[in-house]
Amino acid sequence: MTLSSPTLRPLTGGNAVPLSATLSSGGAVRWQLAAGAPGTLSADTGSAVRYQPPAGVLAAPVAVTVTATGDGASASLTLAVSSETRTPGLFEMPWRASSGPTQHRPSSVAADIAGNTYVVSYNDVSPSRRGGPHLHKIAPDNTVTPLIDNDTWFGQAASNANASLLYWVSSMAVDRAGNLYFTNLPLGIPLTAGQQSHGGPTILKVTPAGVISVLAGSADPQVGAITDGSGSAARFLSPSIAGIDFDDNLYLRDGGDVVRKVTTAGNVTTVASLPRGLMADKDGNTYDHDDATNKLMRTGPDGARMIVTDVPYCADGAPVRPRACLPSAPYRLIPTGGASYVVFDGYSLGRLIMPSPNAPPAATLTLSSPTLRTIAGGSAIPLTATLSNGGAVRWRLATGSPGSLSANMGATVRYLPPAGALAAPTTATVIAEADGASAALTLALTSASNMPGLFAMPWRDSNEPTMHRPHSIAADLAGNTYVVSYVANVNPTRRGSPHLYRIAPDNTVTPLISATTWFGQPVSDENARRLNNIVGFAVGRTGDLYFAIAQPFSVTVGAPTILKVTPAGVMSELVTNSPPDAPPETAQAPTIAGIDFDDNLYVLDSRGTLYKVSAAGSVTPLAALPKGLSADKDGNTYAYDEGARKLVRTGADGSKAQVTTVPYCVNGTPVPPLDCLPDAPYELIAAGATSYVVYDGYSLRRLVLPR
């Protein structure tokens, strides 16, 4: 098993990082994040997944280990996740204490996971003799800490023996724990194959406490060669550290272009190439100085190269290079984070915070289903996720939701309702997640309906005075129906007070608003007045009522509004002047086209523009109503067909058929009875997975469709 990634340095809030696994057996691969690691994986199986860094700002960089397993093999890859809040630009970087003696120019530069930079330099004893090594640590805030100088060695007295081992350092690296690794080239001269050496080359390790040891190679006299092996058995010619990954494996170039890997145990192997992402930024780009243009070049993960234009360049031939511009002479870039580098031109250091290329828009995820209503023991419901960037989608049920999903990955899954009867209607919330985006869809779950048929439905208390005909109808999750009506007009130009009734599935009628009461309390003239011109309403999962109010009928003209009334009768404005951009002459009738089981309202204005209004009152324009908003358990919708004067079923596939299993009234009956469907237009309000309220403008019927 081998793993690869275009970058090892993601940034918080940044793009997802693609991870690939190659398993020699061709078997299935399973992925896992280390316990407690921040961020998420787009999937837990497959040859390729994506790691999504967390949002927000980290106090310090964090190592995140991803492990893949399959057919008894496993491999891990560690990413260094950091935050970048500094302003982009190129800044001077001091690399030695100002009180120290004049140094030779910097010799080797490295950086650790926390963004600290380490610099090796030497004092010049004479033009022909190199002085002792110096090592400085430069923090991200440019605080300089001497680690090695003429007198000290990591806080202790300097040792000539230790200093002599670092006399010919040619490159270095720092691991996650702060251990330093140096390539030591005797006399600074590369060996050729077969050439006799008095000792080395070697790979040295120095702990944060200053303990020095030979990790690989031998300080004994030897013949130069490229020989793999463990510890002192390994041989080198001219090793130079090309990079270190965040699993603390060193990668060297040796004898020209031979790439060698050195583990923390000192095992040395020759590998085909450097790992992808070893020196890349958060998006997999690498950077280098281009000799032809004397500019900084960005090479993308796809190999495309382009000049970086949003960094400062020094004027060609400038005798003394300023520290706030990139020189025209060659330089190296040493990565210190997902968007930051140390620039080293052989003489001085600069800190480069790269401007981020225009990031792609954040992923968006939308869910759809042919129905939002199902029954226990019923058919599975297909659910579809659409992810804007085409990534992998992970599915799960919210904690406590009944039923199960057919799969936990993929663009399409099915929700399987539980078997057996339910004590009461409930909901199941399905959640999809991918690339930092998430979406939820709530389904209403009931038991199988009553016996099919069409039944008369009383809608007011028989003791109440004669009312105006029913005006607006809605139904809730439990199958209760709510009816708004108004007392017969006080006069031809003035509507009477609003009444509201709740009709239970067993036809028990409960007055909620009357001429004298308001949800069990004395009615308020102000509350009644605000409900004087209802043009539509709906009921949320917890019994909250939402009323669309046009400009008032009998009082001073005001803005159209959507009001919310809790089951206790507390009224508030959810949206005023809805929709917000509608001019007064066209915004007089916001009608409610439906409500889903996440309590999002779908509102049409008088111009025919559709809006989604969340339970928090945020308003979003929409192109179309969600699929399944008024559908039965199988995704069918029903409507009166004026041509045939019959009820027509439209299937989830768009096919239409007349419903023949319901009773129809005789055409032309002056007063249609309530046990048949009239031949005049009527509206169907969904009241369950297989039941509807039939409203013809005068009376109500309860229709239970055959399964």
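The rules behind each value
- Residues numbered from 1 in each chain as written.
- Predicted model: local features only at pLDDT ≥ 70, side-chain atom pairs only at ≥ 80, totals over all residues.
- Heavy atoms only, no water.
- Helix = DSSP H or I, 4+ residues; strand = E, 2+ residues; numbered from the N terminus.
- Buried < 20%, exposed > 50% of the residue type's maximum accessible area, 1.4 Å probe, protein only.
- Contact = heavy atoms within 4.5 Å.
- Areas by Shrake-Rupley, 256 points an atom, 1.4 Å probe, with all protein chains shown as cover.
- Pairing = 2+ DSSP bridges.
- pLDDT = per-residue confidence, 0-100.
- Phe/Tyr/Trp six-rings, centres within 6.5 Å; stacked < 30°, edge-to-face > 60°.
- Lys NZ or Arg CZ within 6 Å of the ring centre and 35° of its normal.
- Disulfide = S-S within 2.5 Å.
- Core = buried A, V, L, I, M, F, W, Y, C linked by side-chain atoms within 4.5 Å.
- Polar contact = N/O pair within 3.5 Å; in protein donor to acceptor, adjacent residues only side chain to side chain.
- Axes fitted to C-alpha atoms, helices over the stretch in contact; angles between N-to-C directions.

Engineer: Summarise the overall build of the chain; cite the residues concerned and give the values.
Structural biologist: Helices and strands together make up the secondary structure of the chain, namely two helices and 60 strands. Each of the 707 residues in the chain was classed as buried or not, and the buried ones make up 48%. In the chain, the share of contacts with a sequence separation of at least 24, taken over all contacts with a separation of at least 6, comes to 50%. For the chain, the accessible area works out to roughly 31200 Å², and carbon and sulfur atoms hold 53% of it.

Engineer: Now, about the sheet that holds strand E1 (residues 2–4): what can you tell me, with residues and values included?
Structural biologist: Strand order in the open sheet made by the four strands is E1-E2-E5-E4, with antiparallel pairing throughout. Only two strands of the sheet have a single partner each, and these edge strands are E1 and strand E4 (40–41).

Engineer: Run through the environment of Leu326, naming residues and quoting values.
Structural biologist: You can see Leu326 is positioned in the loop between strand E28 (305–307) and strand E29 (332–335). Given a relative accessible area of 1%, Leu326 falls into the buried group. Separated by 26 residues in the primary sequence, Leu326 and Leu352 place their C-alpha atoms 9.4 Å from one another. Excluding anything up to four places from it in sequence, Leu326 contacts Leu90, Leu296, Val311, Pro312, Tyr313, Cys314, Tyr331 and Val343.

Engineer: Could you give an account of the confidence of the model for the chain, with specific residues and numbers?
Structural biologist: Of the residues in the chain, 89% have a pLDDT of 70 or more, and the chain-wide mean is 86. Taken as a whole, residues 553–558 scores under 50 in pLDDT and shows 12 contacts with residues more than four places along the chain or in a different chain. Predicted confidence is poor over residues 578–587, with pLDDT under 50, and the contacts of this stretch with residues over four places away or in other chains come to 22 contacts.

Engineer: Account for the packing of aromatic side chains, naming residues and giving values.
Structural biologist: For the coordinates displayed, the defined rule picks out eight aromatic pairs. Seen from their ring centres, Trp153 and Phe154 are 5.6 Å apart, and the 70° between their planes marks the pair as edge-to-face. The residues Trp153 and Phe154 share a single accessibility class, namely buried. The ring of Tyr313 carries the charged tip of Lys295 above its face, separated from the ring centre by 5.0 Å. The positively charged end of Lys646 is found above the aromatic ring belonging to Tyr664, 5.0 Å away from the centroid.

Engineer: Before we move on, could you go through the state of the cysteines and cite the residues and values that matter?
Structural biologist: Think of a disulfide as a covalent bridge from one cysteine sulfur atom to another cysteine sulfur atom. For the structure on display, the rule yields two disulfides. Linked covalently through their sulfurs, Cys314 and Cys325 form a disulfide whose S-S length is 2.0 Å. The disulfide joining Cys314 to Cys325 has a torsion of about 95° about its S-S bond and is therefore right-handed. Taken together, the positions of Cys314 in the loop between E28 and E29 and Cys325 in the loop between E28 and E29 put the pair 11 residues apart, joining distant regions of the chain. Per residue, the accessibility class of Cys314 equals that of Cys325, and both read buried. In the chain, the cysteines engaged in disulfides, taken in order along the sequence, are linked 1-2, 3-4.

Engineer: Go over the nonpolar core with me, naming the residues and quoting the values.
Structural biologist: In this structure, Leu365, Leu367, Leu383, Val393, Trp395 and Tyr415 are the most contacted members of the largest nonpolar core, which totals 28 residues. If you list the elements that add at least two residues to this core, you get strand E32 (365–368), strand E34 (381–387), strand E37 (412–416), strand E38 (426–434) and strand E39 (437–446). Core analysis: the next-biggest nonpolar cluster, separate from the first, contains 27 residues, Leu33, Val64, Ala68 and Ala80 among them.

Engineer: Quick rundown of the side chain of Gln52? Include the residues and the values.
Structural biologist: When you line up the elements, Gln52 lands in strand E5 (residues 48–52). Relative accessible area serves as the criterion here: at 11%, Gln52 is assigned to the buried category. Side-chain polar atoms of Gln52 contact the backbone oxygen of Gly14, separated by 3.1 Å. Contacts of Gln52, omitting those with residues within four sequence positions, involve Gly14, Ala16, Gly39, Thr40, Asp435 and Gly436.

Engineer: Describe the sheet that holds strand E55 (residues 637–641), naming the residues involved and giving the relevant values.
Structural biologist: Read across the sheet, three strands follow the order E55-E56-E57 without closing on themselves; strand pairing throughout is antiparallel. At either end of the open sheet lies a strand with only one pairing partner, and these are E55 and strand E57 (656–658). Across the sheet, the mean angle from the axis of one strand to that of its neighbour is 30°, orientation sign disregarded. With three bridges connecting them, strand E56 (residues 646–650) and E57 associate as antiparallel partners. Pairing of Thr650 across the sheet is with Lys656, part of E57.

Engineer: Explain the environment of Arg645 residue by residue, including any values.
Structural biologist: Within the secondary structure, Arg645 is located in the loop between E55 and E56. On a C-alpha basis, the gap between Arg645 and Gln658 in space is 9.9 Å, while along the polypeptide they are 13 residues apart. Other than its neighbours up to four places away in sequence, Arg645 contacts Tyr640, Tyr664 and Asp679. Side-chain polar atoms of Arg645 contact the side chain of Asp679, separated by 3.4 Å.

Engineer: Mind laying out the pairing of strand E27 (residues 295–299), listing which residues take part and the relevant values?
Structural biologist: Among the five residues of E27, four are classified as buried, and the element is accordingly described as predominantly covered. Inspection of the sheet shows strand E26 (residues 286–290) paired to E27 by five bridges, in the antiparallel sense. Across the sheet, Asp290 pairs through a bridge with Lys295, a residue of E27. The hairpin formed by E26 and E27 contains four residues between the paired strands, and Asn294 there has a positive phi angle of roughly 55°. If you look at the hairpin formed by E27 and E28, you'll find five residues sitting between the two strands, and Gly303 has a positive phi there, around 90°.

Engineer: Kindly report on unusual backbone geometry, identifying the contributing residues and their values.
Structural biologist: A positive phi angle, close to 50°, is found at Asp71, a residue other than glycine. Summarising the element assignment, Asp71 is placed in the loop between strand E6 (62–70) and strand E7 (73–81). Since its relative accessible area comes to 57%, Asp71 is described here as exposed. One non-glycine residue, Phe154, adopts positive backbone phi at about 50°. Along the chain, Phe154 falls in the loop between strand E13 (152–153) and strand E14 (156–157). For Phe154, a relative accessible area of 13% puts it in the buried group.

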